[in-house]
There are 2 protein chains.
Amino acid sequence: MSSRAPGAEPAAPTITNVAALAGVSRATVSRAFSNPRVLRPETVTRVREIAAELGYVPNPTAKALSTGRHGLLAMIVPDIANPFFPPMIGAAQGRAETAGLALLLGNTDEDPAREHTMVSTLTAQADGFVLAASRMTERQIRSLADRRPVVLVNRDLSGLPRVLVDSADGVRAAVEHLAELGHTRIAYLAGPTRSWANTQRKKSVKRAAERAGVEAIMLPGRVSSYEAGMQAAPDLLETGATAAVAFDDVLAHGIMAGLAQHGISVPGDISLVGCDDVLKAQVYPPLTTVSSHAADAGAAAVDLLVQHLADPASPERRVLLGTSLIIRATTVTPH
Amino acid sequence: MSSRAPGAEPAAPTITNVAALAGVSRATVSRAFSNPRVLRPETVTRVREIAAELGYVPNPTAKALSTGRHGLLAMIVPDIANPFFPPMIGAAQGRAETAGLALLLGNTDEDPAREHTMVSTLTAQADGFVLAASRMTERQIRSLADRRPVVLVNRDLSGLPRVLVDSADGVRAAVEHLAELGHTRIAYLAGPTRSWANTQRKKSVKRAAERAGVEAIMLPGRVSSYEAGMQAAPDLLETGATAAVAFDDVLAHGIMAGLAQHGISVPGDISLVGCDDVLKAQVYPPLTTVSSHAADAGAAAVDLLVQHLADPASPERRVLLGTSLIIRATTVTPH
DNA sequence: TTGTAGGCGTTATCAA
DNA sequence: TTGATAACGCCTACAA
């Protein structure tokens, strides 16, 4: 068992060592850390002092085995390279940290099967899950939720705590904005088919277009990537639309590049709106887009999870994060 | 202990259940999974079948307590929102996954103190660490390495396994390229002071400039952010340089924006080179930059770590990932 | 090839 | 307020 390279790892002190030195039982040492209130204050301080001297720290694994709580949260995302997720992950990790929890990260590459096996493997180690834009089936998710607390981000399943970046308002505003500018034929370039955000945005475009009395043309779903956007450019041109709303900024960005290859300029020839505001004003021309709050969503999700962990009977919660239109430079009156 | 909400969590089967049903000892069940070769093949299959029926999976926590191996790797990054890191993290998680390991993610916000406490907390749960662009002191890192296997990314400490994205070649090529274009006064906009990559790039700019017989002006270090780049624009203008190399693409990108605010255009008035190629050709104008291989670095780091875990006596390794200049549109002959 | 038995470090129950 | 003691689920000498 202790076959270490010489000089390495001088065997961390255990509760037994502390107990011996403090002249108390191991139970007392344990209580001095996990339930000090039942102890005489002076006992607590004495035990803790000795523990500090020894550099004793309760072994989380042993604690986990005994309590069934691991101090670990798992966060699963479809594509960490998508700029929408890093801020969300960062915020989630931060909140977990302040709650004394560590964060396990899983990247599924948009593959539902991989997501499912990943979640299955992790379910033995994680106290709870944040599933961001999960591509698993409803049945799979509910089955997981039966075994571990689950919080969903951008997936709307009744009965489960979830935080939704509700882009309906923002997208509606985008369509109205385009209509007001004089566009009468607006395309929507869809994102991942299984994505809740995509179906929501698609629906919102349709409705808003109807209400504004303009035509909405739906382009087939794509993965969210710059390349996919480029490839979609010809399809967009075929529609004859003078304006387009893209599933997200990454796709919109790719479309701009693709259109440029065809000699079509944005916004000169076609107006374009993105989603999520992950590019900020950092591209040229600055993209008109629908705001998003990925970081807030990540923080809220972890908060929900922590709360659910503390009180499993806490009421179901559905957190809605609003969005709005950010008008920059890619939307103008049609020539 | 088992105070669950009614109907939830039907107590996962344990090794004892399997043993009972299979009519063997718990030791045999254990061996059927962790050391099947010592068992009669038919025993292995029978035990595994019964285990499968029961849905038995070895409890990783119990295993960890017994073996001291947790099946967890920790990866610490200074800023997950920096586009340099997500691909690296994604690749690292992928390699860890194929090695049967899960990935703990820590984000330090460039704060050495936070990094240190984070690492200390995690050291009890993680089998090893990947420290990306660590801001800790050498002493702190070595102390950690005494307790757990550590692989460094973009930090060059002798005796520790490390993978370095060696941008020296690329940066040198960038300076030579600028000199050939006719620039005689080149500024380097530094990045985070504690960053190994930064000192390396700075040095490389100096040397290359010397050799090329052009002047190199060093601008003070900044954090790597779009905003910091914008703020640096006036400083850059003051130098009178006709070309600049920025610590990374994010800063370069900010500089472009900042210069634009001053009515200075890139590359019309000033040529600009970035680093890391995180923007690809996705900005306008497309940025001349030095390639990088963040994803490869992440994968290599985990591979090194896994190897070190399998054989602690394996030789120290220092993996160098080369870079090269990618000429796009932000570098031209001075007016 | 398989079983026995003890241990990994904590927590929790029950007494005292 | 504290102490024994038995779990928690698995691994691993050692013995058979």
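Residues numbered from 1 in each chain as written. Chains lettered and ligands numbered in written order. Predicted model: local features only at pLDDT ≥ 70, side-chain atom pairs only at ≥ 80, totals over all residues. Heavy atoms only, no water.

## Focus: the nonpolar core
One finds A:M75, A:I89, A:V163, B:M75, B:I89 and B:V163 to be the most contacted residues of the largest nonpolar core, which totals 60 residues. Not counting chain neighbours up to four residues away, the residues in contact with B:V163 comprise B:V151, B:L152, B:V153, B:N154, B:A297, B:A300, B:A301, B:L304, B:V319 and B:L321. B:L164, B:I186, B:L219 and B:L279 belong to the second-largest nonpolar core, a separate cluster that totals 44 residues. (Core = buried A, V, L, I, M, F, W, Y, C linked by side-chain atoms within 4.5 Å. Buried < 20%, exposed > 50% of the residue type's maximum accessible area, 1.4 Å probe, protein only. Contact = heavy atoms within 4.5 Å.)

## Observations concerning helix α8 (residues 168-181) of chain B
Residue and element names in this part refer to chain B. With 14 residues, α8 should cover 20 Å at 1.5 Å per step; its first-to-last C-alpha distance of 20 Å lies within 8% of that length. Regarding α8, the residues found buried are G170, V171, A174, V175, H177 and L178. Looking straight down α8, one finds that the buried residues subtend no more than 155° of arc, so they occupy a single side. Tucked into the core, α8 has its buried residues touching β6 (185-189), α9 (196-212), β8 (243-246), β9 (271-273), β10 (289-290) and β12 (325-326). G182 lies just past α8 and shows a positive phi near 115°. (Helix = DSSP H or I, 4+ residues; strand = E, 2+ residues; numbered from the N terminus. Expected span 1.5 Å × (residues − 1). Arc of directions from axis to C-beta.)

## A short note on the environment of B:E115
Take B:E115: it is sitting in helix α6 (residues 112-122). Each residue touching B:E115, except ones within four places of it in the same chain, is listed here: B:I76, B:T108, B:L131, B:S134, B:R135 and B:M136.

## A short note on the packing of aromatic side chains
Residues and elements named next belong to chain A. For the structure on display, the rule yields five aromatic pairs over all chains. A ring pair is formed by F84 and F85, whose centres lie 5.2 Å apart and whose planes are at 85°; its orientation type is edge-to-face. Grouping residues by exposure puts F84 and F85 together as buried. Lying across the ring of F33, R48 places its NZ or CZ 5.8 Å from the centre. (Phe/Tyr/Trp six-rings, centres within 6.5 Å; stacked < 30°, edge-to-face > 60°. Lys NZ or Arg CZ within 6 Å of the ring centre and 35° of its normal.)

## What to know about the protein's contact with DNA strand C
As a matter of local geometry, DNA strand C sits amid 28 residues, with A:I15, A:S30, B:T28, B:R31 and B:T43 nearest to it. Restricting attention to atoms of DNA strand C within 4 Å of the protein, one finds that 65% of them are sugar or phosphate atoms. With respect to DNA strand C, the side chain of B:S66 contributes an N or O atom lying 3.4 Å from a base nitrogen. Elements that contribute at least two residues to the surface near DNA strand C include exactly α2 (26-34) and α4 (60-67) of chain A together with α2 (26-34) and α4 (60-67) of chain B. Among the residues making up the surface near DNA strand C, the classes are represented as twelve nonpolar, ten polar and six charged. (Near = heavy atom within 4 Å. Polar contact = N/O pair within 3.5 Å; in protein donor to acceptor, adjacent residues only side chain to side chain. Nonpolar A, V, L, I, M, F, W, Y, C, P; charged D, E, K, R; others polar.)

## Comments concerning the domain arrangement of chain A
Domain boundaries assigned for chain A yield domain 1 (15-58), domain 2 (70-165 + 295-317) and domain 3 (166-292). With centres defined by C-alpha atoms, the gap from domain 1 of chain A to domain 3 of chain A works out at 62 Å. (Domains from an automatic or database assignment.)

## Quick notes on the environment of A:G229
Residues and elements named next belong to chain A. Inspection of the secondary structure puts G229 in helix α10 (residues 226-239). Distance from G229 to V165, taken between C-alpha atoms, is 22 Å for residues 64 residues apart in sequence. Setting aside residues up to four positions removed in sequence, G229 forms contacts with L251, G254 and I255.

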